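Chain residues, written in single-letter form:
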Amino acid sequence: MNNGPIGVYDSGIGGLSVWRELRRALPGESLLYLGDGKNCPYGSRPAGEIRRLADESVQAMLDRGCKLIVVACNTATAAAIDFLRAKYSSLPVVGLEPAVKPACLTTRSGVVGVLATERSLDGDLFRRTAAEYGSGIEIIAAAGRGFVELVENNLENTPEAEECVRAAMSGMIERGADRIVLGCTHYPFLLPAIRRVIGDRDIEVIDSSAAVARHTGHLLDKYGLRAGEGHVPSYEFMTFADESYCELLRLKAFAAGEP
Ligand code: DGL
């Protein structure tokens with residue numbers, strides 16, 4: 001039993017899409033969200049730099065008493081998860097990766113689209129998963145150029161957002177993709193624009209956040225880390241940017257998180 005918080009980390013606002021699922025699936029647990037903010041976006045930074053930023057973030061969350069870390073960022077997972085698990089070997093660290101497996105297992109058209117950042121798409125993790133589950137399936141990957149900036153600047157519901165989403169998705173839609181994987185935790189914030197671009201086509205949009213929240217629950221049980229009965233959960237936010245960014249995280253979390 002451990003009443004410390006679960007640390008949830010992203011380059012910025014995106015990981016709140018995972019925070020929302022964690023809060024829903026694990027209502028007895030305290031959550032400490034770290035949205036870097038200062039160094040966002042991570043998507044086209046060199047892997048070594050992302051590892052350093054992820055390391056500093058994990059350290060900051062451990063200093064605040066976190067018992068388990070969810071790296072709620074596909075890009076940081078791709079660049080740093082092996083490093084973090086080796087360095088913090090007694091700490092359970094959960095990573096995020098594009099939900100290529102369920103998409104490949106359920107596609108009927110045999111064409112799967114994957115949207116993610118440049119760094120996630122050129123990482124070994126994505127290559128391995130695509131090779132493992134994508135045999136006989138056409139996987140069309142595209143970087144969501146500009147997506148993260150739109151979400152960070154609260155522009156996800158603008159015509160500009162829809163144009164940006166259309167530009168990234170048109171190739172996969174034209175090829176007949178019937179599953180589109182959101183491989184970046186910022187992208188679920190663009191779902192209204194994504195749905196408008198999909199229109200009435202029979203395409204399922206898949207992201208990993210609910211599965212990650214379930215997996216986190218299993219790890220809490222496995223390591224005996226569940227909060228005690230009667231623990232009153234707290235929801236805290238921190239950033240390497242300024243106080244106004246922290247306020248933005250709080251506002252976005254609760255706007256998105258209310259059931
Ligand atoms: N939210 C992140 C991800 O899941 C990173 C976005 C970025 O900073 O480029 O990949």
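The text that follows walks through the structure, step by step, so that each part is easy to find. The model shown is predicted, which means the values in this text are computed figures rather than measured ones. (Residues numbered from 1 in each chain as written. Predicted model: local features only at pLDDT ≥ 70, side-chain atom pairs only at ≥ 80, totals over all residues. Heavy atoms only, no water.)

For the rest of this paragraph, the subject is the sheet that holds strand S2 (residues 31-35). An order of S4-S3-S1-S2-S9 is seen for the five strands of this open sheet, with the pairing classed as parallel. The open sheet has two edge strands, strand S4 (93-94) and strand S9 (235-238), and neither has a second partner. This element, helix H2 (residues 47-63), spans strand S1 (6-10), S2, strand S3 (68-71) and S9 of the sheet and lies at about 155° to S1. (Pairing = 2+ DSSP bridges. Helix = DSSP H or I, 4+ residues; strand = E, 2+ residues; numbered from the N terminus. Contact = heavy atoms within 4.5 Å. Axes fitted to C-alpha atoms, helices over the stretch in contact; angles between N-to-C directions.)

Quick look at the sheet that holds strand S7 (residues 179-182) now. Spatial ordering of the open sheet is given by S6-S5-S7-S8, a layout of four strands whose pairing is parallel. Unpaired on one side and paired on the other, strand S6 (138-143) and strand S8 (204-206) mark the two borders of the sheet. Here the average twist between neighbouring strands, direction ignored, is 20°. The sheet contact formed by S7 and S8 spans three bridges and is parallel. Counted as the bridge partner of Val181 is Ile206 from S8. Sheet strands touched by helix H8 (residues 159-174): strand S5 (111-116), S6 and S7. Its angle to S5, the strand with the most contacts, is close to 165°.

To continue, consider H8. Relative to the 22 Å expected for 16 residues at 1.5 Å per residue, H8 spans 21 Å between its end C-alpha atoms, a close match to the ideal helical length. At Ala168, H8 shows its strongest bend, of approximately 40°. Along H8, the residues that are buried comprise Ala161, Glu162, Val165, Ala168, Met169, Met172 and Ile173. Looking at the buried side of H8, the elements it contacts are S5, S6, helix H7 (147-152), S7 and helix H9 (191-198). Immediately downstream of H8, the backbone of Gly176 shows phi near 95°, a positive value. (Expected span 1.5 Å × (residues − 1). Bend = angle between axes of the 7 residues up to and from the residue. Buried < 20%, exposed > 50% of the residue type's maximum accessible area, 1.4 Å probe, protein only.)

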